[in-house]
There are 2 protein chains.
Amino acid sequence: MKGIQGCLTNAQKVVHTIFIVGARRMRRLIINGYGAFVGYKKGLVTVKKKDGNESVPLGNLDQIVITTSGAAISSKLIRTCLKNKVEISILSSSGRPLGKVFSITKSHVKLRLAQIEARRTSKGARIAKKIIYSKIRGQSNFLKSLAKNRTGESKDNILKTSERIDQLSSQLQELPDELSEIRQRLVSIEADAARAYWDSIAGILPAELGFSARKKRFEGPKDPVNISLNYGYGVLASEVYTLVEYSGLDPWFGFLHEDSCRRPALVYDIMELFRAAVVDRVVVTLALRSPNTLLKAIDATSGRLERDFRGTLLKEIFERLEQGVSFGGQQKPIYAHMLSQIRELARYLLDHSHDWKAFVLGW
Amino acid sequence: MKGIQGCLTNAQKVVHTIFIVGARRMRRLIINGYGAFVGYKKGLVTVKKKDGNESVPLGNLDQIVITTSGAAISSKLIRTCLKNKVEISILSSSGRPLGKVFSITKSHVKLRLAQIEARRTSKGARIAKKIIYSKIRGQSNFLKSLAKNRTGESKDNILKTSERIDQLSSQLQELPDELSEIRQRLVSIEADAARAYWDSIAGILPAELGFSARKKRFEGPKDPVNISLNYGYGVLASEVYTLVEYSGLDPWFGFLHEDSCRRPALVYDIMELFRAAVVDRVVVTLALRSPNTLLKAIDATSGRLERDFRGTLLKEIFERLEQGVSFGGQQKPIYAHMLSQIRELARYLLDHSHDWKAFVLGW
């Protein structure tokens, strides 16, 4: 396991190499489990725990993620992180990003104005179309990769769905460059693709997992696949939020997703590019490979994911983010593509580039 | 000392009643000094320290301010604060707001759009003029209140300056309602008023304090009055930032202050309304009442304010924020006026009210 020291169990430190961009490595420290005290001394982030102490040079970290309610953190570390742009991110037990420790000393106001302005122009419409194209092509390509290991009718059915989704994506070209006119159409194309995609996945998952349709968090799904997907999307949202914030964009003003005071629309926009490639793939692969793990994943009393399984899921998602994939002629970790995508979007909004090419995972 | 339990010394808890709006009391817990561990248990925020433990019901708090690098905070408390909208604010040792633990689950996007839009319309220009009016009238009125306790030439000089500033304020009416046209004029009126105001204050401060002119942080002042003012403005900025954020406005898009990636312009706009009434008054009063305290306030090695003096200053500023003053027919704590001002500005931007009346302190 590249970059991993230790694993995600009680009060253990996990230093996770997240991505390599140019000569710079991005690393995070994940505090997951009870009893750790995280402090700072002479350039080192120190993790004191019952079974011994560990430390990491602060210079090697870009983020500290706290996924547990059983840890403590020193105010010196919080201050030092703020001064050194090391982000502290707090996740809920269901993987939802709850909050972040933000420096309030900087903001890229010019970029944020350009972002808001683009919604009135053809730029905004083009971005929204590219997002949907990326999303449904990603779904189609993930199905194609699932088909690779199959034969007979199962393979044919999956490939048929994949083709249908590709046809939907070709409708996007016909739409005009006026966001308010086409939003409804975009959402409808997205919904058609999603229905076909999840039907196809339901068809190949082991029946005992009880996954018959995709259900969002508010729909209160009881099956481990949907609950895991929702957990994974929560983690992905937190990742994307961080990168959007880092890149100076405003998480709340999106293109495809409408303004909402409860959902950071741009984060949801960018997430579309990576849902299938990251979360769907991790959860579906896990469900196919070891359905028993998922069957035991739900805590009977709380109805939520078990702590150990959450750790497994987090680890799988972070590992997936590290995997090198090819896009736009560049082979690099998915996480690095995520950052590039957001930075390229910012450059496009600021007229520093003439186009933005939305990420599509190959198969 | 209304609302204060304990005082600002090592590892002590200070629960400070900040304002009363309607039936709601706003309280903060200040962690200042070494060795405190702040946690959460069964509805209580617990503060463990060498000389005993204390606790406060979380429901009684709206903010936890950490002004020291010698404390620790549990992740359970951080999570609970995020869920219950209790803000955690981190100040640097020089009083600068470093960061905040923010919930990333909500944003008032409609209001933020209206705020940005107003800068193109006459609304933005009217707001900018009102801000300058409030600022320089506040300076003039503070001078008038200083004149009250004086006689002879000293009194006459102060009142003359006050009149000159009032004359400057009357020039504002002549300016058109077009922000880009008048910004330069507004800044020049502000600068003229500031020169007269600080000259007048330099004239009455004890000479041994070495205050000859107002110097900002980046100008590297060495005298305790300027250093204290800068510390105080830092604290005020943090307070205003919090209230602006709470009210759903974007701290970075201002009216008077131009966009900058380093200064949250709206926070600086709103601060203008309260600089003289809060910070100048606290520091000048302290300098007149006990110049010796200020002479001993500078740490010889670091050139910064001594820890104990920072505590004194913080306490004085927070107490001043609690003092009831009259504006717009309402007698309430300054802090409550601050919140009302920001909320009224938001209502004005959303067209829920027809005007915004900027706070001016009486004398």
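What you see is a predicted model, and the numbers here were worked out from it, not measured in a lab.

As for the packing of helix α6 (residues 224-246) of chain B against helix α8 (residues 275-289) of chain B
All names here are of chain B. Packing of α6 against α8 leaves a shortest axis separation of 10 Å and a crossing angle of 145°. Handedness of the crossing formed by α6 with α8: right-handed. Contacts from Val225, Ser228, Leu229, Gly232, Tyr233 and Leu236 of α6 reach α8 at Arg275, Val279, Asp280, Val283 and Ala287.

Quick look at the domain arrangement of chain A
The assigned domain composition of chain A is domain 1 (12-91) and domain 2 (109-349). When each unit is reduced to the centre of its C-alpha atoms, the spacing between domain 1 of chain A and domain 2 of chain A is 28 Å.

Some points on the relation of the copies chain A and chain B
Taken as rigid bodies, chain A and chain B are interconverted by a rotation of 180° and an axial shift of 0.0 Å, the fit giving an RMSD of 0.0 Å. Taken together, the rotation and translation relating the two chain copies correspond to the operation of a two-fold axis. Closest to the rotation axis within chain A is the C-alpha of Val101(A), separated from it by 2.1 Å. When the interface residues of chain A are mapped onto chain B, 100% of them are again interface residues, pointing to one common binding face.

Focus: the packing of helix α4 (residues 152-170) of chain B against helix α5 (residues 179-204) of chain B
All names here are of chain B. Between α4 and α5, the least distance of the axes is 10 Å, while the angle of their chain directions is 170°. If you check the angle between α4 and α5, you find them roughly antiparallel. Contacts from Ser154, Ile158, Thr161, Arg164, Ile165 and Leu168 in α4 reach Ile189, Asp192, Ala193, Ala196, Tyr197, Ser200 and Ile204 in α5. Each residue belonging to the contact of α4 with α5 can be placed in one class, and the counts come to eight nonpolar, three polar and two charged.

Overview of the confidence of the model for chain A
Detailed conclusions should not be drawn from predicted coordinates in areas where pLDDT is low. All names here are of chain A. Averaged over every residue, the pLDDT of chain A is 87; residues scoring 70 or more account for 91%. Within chain A, no element has a lower average pLDDT than strand β1 (residues 12-21), which sits at 42, and none a higher one than helix α8 (residues 275-289), at 97. Confidence drops under a pLDDT of 50 for residues 1-25, and excluding neighbours within four residues, the segment shows 86 contacts in the predicted structure.

Looking at the interface of chain A and chain B
Note on interface size: it is often stated as the accessible area lost on association of the parts. Taken together, the 47 residues of chain A in the interface contact 47 residues of chain B. Approximately 4,000 Å² of surface area, both sides summed, lies buried where chain A meets chain B, with 64% of it carried by carbon and sulfur atoms. Remark: the boundary between chain A and chain B carries four salt bridges. The residue Glu117(B) makes a salt bridge to Arg120(A) at a minimum N-O spacing of 3.0 Å. In this structure, the connection of chain A to chain B is made through 13 residue pairs in polar contact (both at pLDDT 80 or more). At the level of elements, β7 (72-74), α1 (75-83), β8 (87-91), β9 (97-103) and α2 (109-118) of chain A are the ones that each hand at least two residues to the side of chain A that touches chain B. The biggest single contributor to the side of chain A that touches chain B is β9(A), with seven residues. Taken together, the residues of the side of chain A that touches chain B break down into 21 nonpolar, 14 polar and twelve charged. Pairing analysis gives three bridges linking β7(A) to strand β7 (residues 72-74) of chain B, with the strands arranged antiparallel. The residue of β7(B) that forms the bridge with Ser74(A) is Ala72(B).

About the thresholds
- Position labels on residues start from 1 in each chain and follow its written sequence.
- Lettering for chains starts from A, numbering for ligands starts from 1, and both go in the order in which the items are written.
- Reporting of local features is limited, given that this is a predicted model, to residues whose pLDDT is at least 70; pairs of side-chain atoms are given and counted only at 80 or more, and all residues count toward the totals for whole chains, interfaces and linings.
- To get the side-chain values, take all heavy atoms of the structure and skip hydrogens and water.
- To get an axis, fit a line to the C-alpha atoms, keeping to the stretch in contact for a helix; angles then go from 0 to 180 degrees between the N-to-C directions.
- Numbering of helices and strands runs from the N terminus; a helix is a DSSP stretch of H or I covering at least four residues, while a strand is a stretch of E covering at least two.
- Throughout, a crossing is termed right-handed when the near helix is turned clockwise from the far one, and left-handed when it is turned anticlockwise from it by less than a right angle.
- Contacts between residues were defined by any pair of non-hydrogen atoms, one from each residue, lying within 4.5 Å.
- What marks off one domain from the next here is an automatic or database domain assignment.
- Superposing copies: least-squares fit, C-alpha atoms only, residues required to have pLDDT of at least 70 in both.
- For this classification, under 35 degrees means roughly parallel, over 145 means roughly antiparallel, 65 to 115 means roughly perpendicular, and everything else is oblique.
- Only Asp, Glu, Lys and Arg are considered charged, only Ala, Val, Leu, Ile, Met, Phe, Trp, Tyr, Cys and Pro nonpolar, and every remaining residue, Gly among them, polar.
- Along the chain, pLDDT gives the predictor's confidence residue by residue, from 0 to 100.
- The term buried area refers to how much accessible surface (probe radius 1.4 Å) is lost by two components on association, counted for both of them together.
- A carboxyl oxygen of Asp or Glu within 4 Å of a side-chain nitrogen of Lys or Arg is what we treat as a salt bridge.
- Polar contact is defined as a pair of N or O atoms within 3.5 Å, subject to the rule that within protein one atom must be able to donate a hydrogen and the other to accept it, and that residues adjacent in sequence are counted only when both atoms are side-chain atoms.
- Following DSSP output, two strands are said to pair if at least two bridges run between them.

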